[in-house]
Amino acid sequence: MAEEELPGVLILDIGGTHGVLEDLAALLKKHFHLITMKEFLGNKEEMSKKIQSVFVFEGRPTIDHELLESLPNLKVIGNSGVGVDHLDLKMVSSFGVKVTNTPHAVADPTADIGMALMLASARRLVEGNVLNFLGPSYFFSILHFCCDRDDLSESTFGMLLQGKNSEAVMFRGIYFYVSLLFRATV
């Protein structure tokens, strides 16, 4: 299928500070004709007819009324993240456009980071790492860092999480004998 025949997808940019990651862009190019915001703004009349989807990566591009009005063939906004708080769903649906996202896609990595932060905090790993680089004259206080602290095991942590993230952290905490008090918000 030639690139012109592929459905057009609007993205902010490729690479750089706020653009779609280059590896991800390469994957998207196999199935879509990627149109950057710069290309779109440079030739709105022609490009607006080609765009059937907007790929929102890290909350960009911003989806507003003006953009939706300028895309007559827009069918779907694909959000690369879990939440859609940055999108006005009522406004988007008033244009007959669907919104997709990836719920649960990062629940496990989020839980892993949460447990790593709890372990690092309980064992003061950052401070211990600093001591490691300060040299031998500071080693006398390492016992204080390693042995004069409460273990993570049998500790109680309070968390305010949502959905799969809270469930994933809870299951990881079981293996450390951690009591987790959390309120799952909806």
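Everything that follows concerns the structure shown earlier in this document.
What counts, and where the lines are drawn
Residues numbered from 1 in each chain as written. Predicted model: local features only at pLDDT ≥ 70, side-chain atom pairs only at ≥ 80, totals over all residues. Heavy atoms only, no water. Helix = DSSP H or I, 4+ residues; strand = E, 2+ residues; numbered from the N terminus. Buried < 20%, exposed > 50% of the residue type's maximum accessible area, 1.4 Å probe, protein only. Contact = heavy atoms within 4.5 Å. Areas by Shrake-Rupley, 256 points an atom, 1.4 Å probe, with all protein chains shown as cover. Pairing = 2+ DSSP bridges. Axes fitted to C-alpha atoms, helices over the stretch in contact; angles between N-to-C directions. Core = buried A, V, L, I, M, F, W, Y, C linked by side-chain atoms within 4.5 Å. Salt bridge = Lys/Arg side-chain N within 4 Å of Asp/Glu carboxyl O.

Asks: How would you summarise the overall build of the protein chain if you had to cite specific residues and measurements?
Replies: If you tally the helices and strands in the protein chain, you get 9 helices and 7 strands. Looking at the protein chain as a whole, 32% of its 186 residues are labelled buried. Put simply, of all contacts in the protein chain between residues at least 6 apart along the chain, 50% involve residues at least 24 apart. Entry remark: accessible area of the protein chain is about 12200 Å², with carbon and sulfur atoms responsible for 57%.

Asks: So what's going on with the sheet that holds strand β3 (residues 51-56)? Which residues, and what values?
Replies: Taken together, 5 strands build an open sheet; the order of strands is β2-β1-β3-β4-β5 and the sheet is parallel. The open sheet terminates on both sides in strands that have one partner only, identified here as β2 (33-36) and β5 (98-100). Neighbouring strand axes in the sheet, compared pairwise and without regard to direction, differ in orientation by 25 degrees on average. Where strand β4 (residues 76-79) lies against β5, 3 bridges are found, and the strand directions are parallel. Looking at the pairing, Val76 lines up with Lys98 of β5.

Asks: With reference to specific residues and values, describe the nonpolar core.
Replies: Counting 19 residues, the largest nonpolar core has Leu10, Phe40, Val54, Ile63, Leu71, Leu74 and Ile77 as the members making the most contacts within it. Looking at this core, the elements with two or more residues in it are α2 (37-42), β3, α4 (65-69) and α5 (89-94). The greatest single-element share of this core, amounting to 3 residues, is contributed by β3. Ignoring sequence-local partners within four residues, the contact set of Phe40 consists of Leu10, Ile35, Met47, Ser48, Ile51, Leu67, Ser70 and Leu71. By size, the runner-up hydrophobic cluster in this structure holds 8 residues, among which are Ile11, Ala25, Leu28 and Phe55.

Asks: Describe the pattern of salt bridges, with residues and values.
Replies: Counted according to the given criterion, the structure contains 2 salt bridges. The residue Glu66 makes a salt bridge to Lys44 at a minimum N-O spacing of 4.0 Å. With Glu66 in helix α4 and Lys44 in helix α3 (residues 44-50), this residue pair connects regions lying 22 residues apart in the sequence. Relative accessible area serves as the criterion here: at 55%, Glu66 is assigned to the exposed category. Judged by its relative accessible area of 34%, Lys44 is partly exposed. A salt bridge links Glu46 to Lys50; the shortest N-O distance between them is 3.2 Å. A residue pair is termed a helical-turn pair when its members lie 3 or 4 positions apart in one helix, as Glu46 and Lys50 do in helix α3 at 4 residues. Residue class for Lys50 comes out partly exposed when judged on its relative accessible area of 25%.

Asks: Lay out unusual backbone geometry with the relevant residues and their values.
Replies: In this structure, the amide linkage connecting Arg60 to the following residue, Pro61, adopts the cis form with an omega of 0 degrees. With respect to the helices, strands and loops of the structure, Pro61 is situated in the loop between β3 and α4.

Nothing here speaks to function; it is geometry throughout.
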